[in-house]
Amino acid sequence: MPNKSISQLIFTADREDLLDRFYVVRSSTDYQLPGSALPPKLNIASRSITTAQVLDLNSTPLEIVSNAPTGWVHIPVRGVVEFDGGSADYAANTELSIGSTTALGQLLVGSIADRTDPNALTVVSGASGTPSVSGDSLSVYVNTGNPTTGDSDILVTVWYYTLEL
Amino acid sequence: MDAIRITDLPALSSYDLRDKINLQRQEAGIWNDYHTELGTYLGEYYTWVYDWDMSTALGDLITCPVGKYLVVLGAHYTYSPGAIFTSNLVQLLLSSSSGNWSYTGEFPHVGSGRGGLLFPAFGSGPSSNIYGDLDEDLIVSSGGTGSGSPDQGTCRIQIQYVEFTPL
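Residues numbered from 1 in each chain as written. Chains lettered and ligands numbered in written order. Predicted model: local features only at pLDDT ≥ 70, side-chain atom pairs only at ≥ 80, totals over all residues. Heavy atoms only, no water.

Novice: Can you lay out the side chain of Ser95 of chain B for me, pointing to particular residues and giving the numbers?
Specialist: Of note, Ser95 of chain B is situated in strand β6 (residues 89-96). Once you skip the residues sitting within four places of it in the chain, Ser95 of chain B turns out to touch Trp101, Ser102, Asp137, Leu138 and Ile139 of chain B. (Helix = DSSP H or I, 4+ residues; strand = E, 2+ residues; numbered from the N terminus. Contact = heavy atoms within 4.5 Å.)

Novice: I'd like a rundown of the pairing of strand β7 (residues 108-111) of chain A, residues and numbers included.
Specialist: All names here are of chain A. Examined bridge by bridge, strand β6 (residues 95-100) and β7 share four bridges and lie antiparallel to one another. Residue pairing across strands places Leu96 opposite Gly110, the latter belonging to β7. Two strands pair when backbone bridges link them, and β7 and strand β8 (residues 119-123) are joined in this way by two bridges, in the antiparallel orientation. Its bridge partner being in β8, Val109 is matched across the sheet by Thr122. (Pairing = 2+ DSSP bridges.)

Novice: An account of the sheet that holds strand β9 (residues 132-133) of chain A is requested, with residue identities and associated values reported.
Specialist: Strand pairing in a sheet is mediated by backbone hydrogen bonds. Such pairs are either parallel or antiparallel. Ordered by their spatial adjacency, five strands build an open sheet running β9(A)-β8(B)-β5(B)-β11(B)-β3(B), and the pairing between neighbours is antiparallel. The open sheet has two edge strands, β9 of chain A together with β3 (46-53) of chain B, and neither has a second partner. Sheet topology note: the strand β5 (residues 69-80) of chain B/strand β11 (residues 154-164) of chain B ladder contains eleven bridges and is antiparallel. Opposite Ala75 of chain B, over in β11 of chain B, you have Ile159 of chain B as the bridge partner.

Novice: With reference to specific residues and values, describe empty space enclosed by the protein.
Specialist: Using the criterion set out here, one finds two cavities of 30 Å³ or more in the structure. Approximately 100 Å³ is the volume found for the largest cavity. Elements supplying a minimum of two residues to the lining of the largest cavity: β11 (153-164) of chain A together with β5 and β11 of chain B. Of the pockets and cavities examined, the second largest cavity occupies roughly 40 Å³. (1 Å grid on protein atoms, 1.4 Å probe; cavity = no way out; pocket = protein on both sides within 12 Å on 5 of 7 lines; lining within 4 Å. Points joined across faces, edges and corners; volume = space filled by probe spheres on them.)

Novice: Quick one: what's the story with the confidence of the model for chain B, residue by residue and with numbers?
Specialist: All names here are of chain B. Of the residues in chain B, 89% reach a pLDDT of 70 or more, and the chain-wide mean stands at 86. The least confident element of chain B is strand β9 (residues 119-120), whose mean pLDDT is 78; the most confident is helix α1 (residues 38-42), at 94. The ipTM, which scores confidence in the relative placement of chains, is 0.85 for this predicted complex, and the corresponding pTM is 0.88. (pLDDT = per-residue confidence, 0-100.)

Novice: Could you give me a rundown of the packing of aromatic side chains, with the residues and numbers involved?
Specialist: Residue and element names in this part refer to chain B. Counted under the stated rule, the structure contains five aromatic pairs over all chains. Centre to centre, the rings of Tyr69 and Phe164 are 6.1 Å apart; their planes meet at 35°, and the pair counts as tilted. Residue Tyr69 is located in strand β5, and its partner Phe164 is located in strand β11; the two are separated by 95 residues in the primary sequence. With a relative accessible area of 44%, Phe164 lands in the partly exposed category. A ring pair is formed by Tyr79 and Phe107, whose centres lie 4.7 Å apart and whose planes are at 25°; its orientation type is stacked. Here Tyr79 is found in strand β5, whereas its partner Phe107 is found in strand β7 (residues 102-108), with 28 residues between them in sequence. Under the relative-accessibility criterion, Tyr79 is labelled buried at 0%. (Phe/Tyr/Trp six-rings, centres within 6.5 Å; stacked < 30°, edge-to-face > 60°. Buried < 20%, exposed > 50% of the residue type's maximum accessible area, 1.4 Å probe, protein only.)

Right under this line is the structure:
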């Protein structure tokens, strides 16, 4: 970095965990530190889903995060579902879920049974966790079966890591 | 740093809270030079990273300083397959040395990559025993189910935690 200040360097918005190197000083000695040593970057994605789509969301999951690059994986961490009006809560099958598209398992789950407030999508634990698949997209779906009634459009937001293997 | 590139420097695998970095901040239209410390800039928590070669047993620990507790904020992993895989489930275990508290993660040892979070196994909801004891290290280990054992591939585990000094 001879004779250049930081503000003169090319800006990048990308993060390459295994290929990036940061300059750090420890005890007056210069070192390089890989991007993978830093906490993961948190990304965000949202998708509006109509009532008709919600009522078919078990039969037809909808993509919310497009495919990770080859050798990378999306890991959803938290989410929220918001409701836009309507007059009837969704009924019967109401576990809104986020999963890895090619192997749908509940990575995040939240309820759409009460439309009065936004509901959290939280991680699903358990001994047999269903991890995300490398190179896969993330999809929104309703667990078990389609909701039987309900008439509110929803907005689903998910926060997720995208990590290199 | 004249004529020396970052990649010429000796490599670190993890950062220390007091490691220094430089930055420039625009103030009143002028770029001013500063340095800061990673712990000051990111927050006073640690990021532990371990690249597990799955041909060897996973057995490492995060050492707890005397007089402190270790509190995990979050943990995740990525799995990259090798040429041979067993289809067995691989368990990642993060527990206090007394075993009274733990995080777990699990993935199938298959031919495509995986990634996921490690979850608290105990202590969901109010608990009197949600963390390890005073001075207790955190042990990182692996287990599996089914016959055979995974012996190829790599798994990178990253854990964010704080050192907590009790009253």
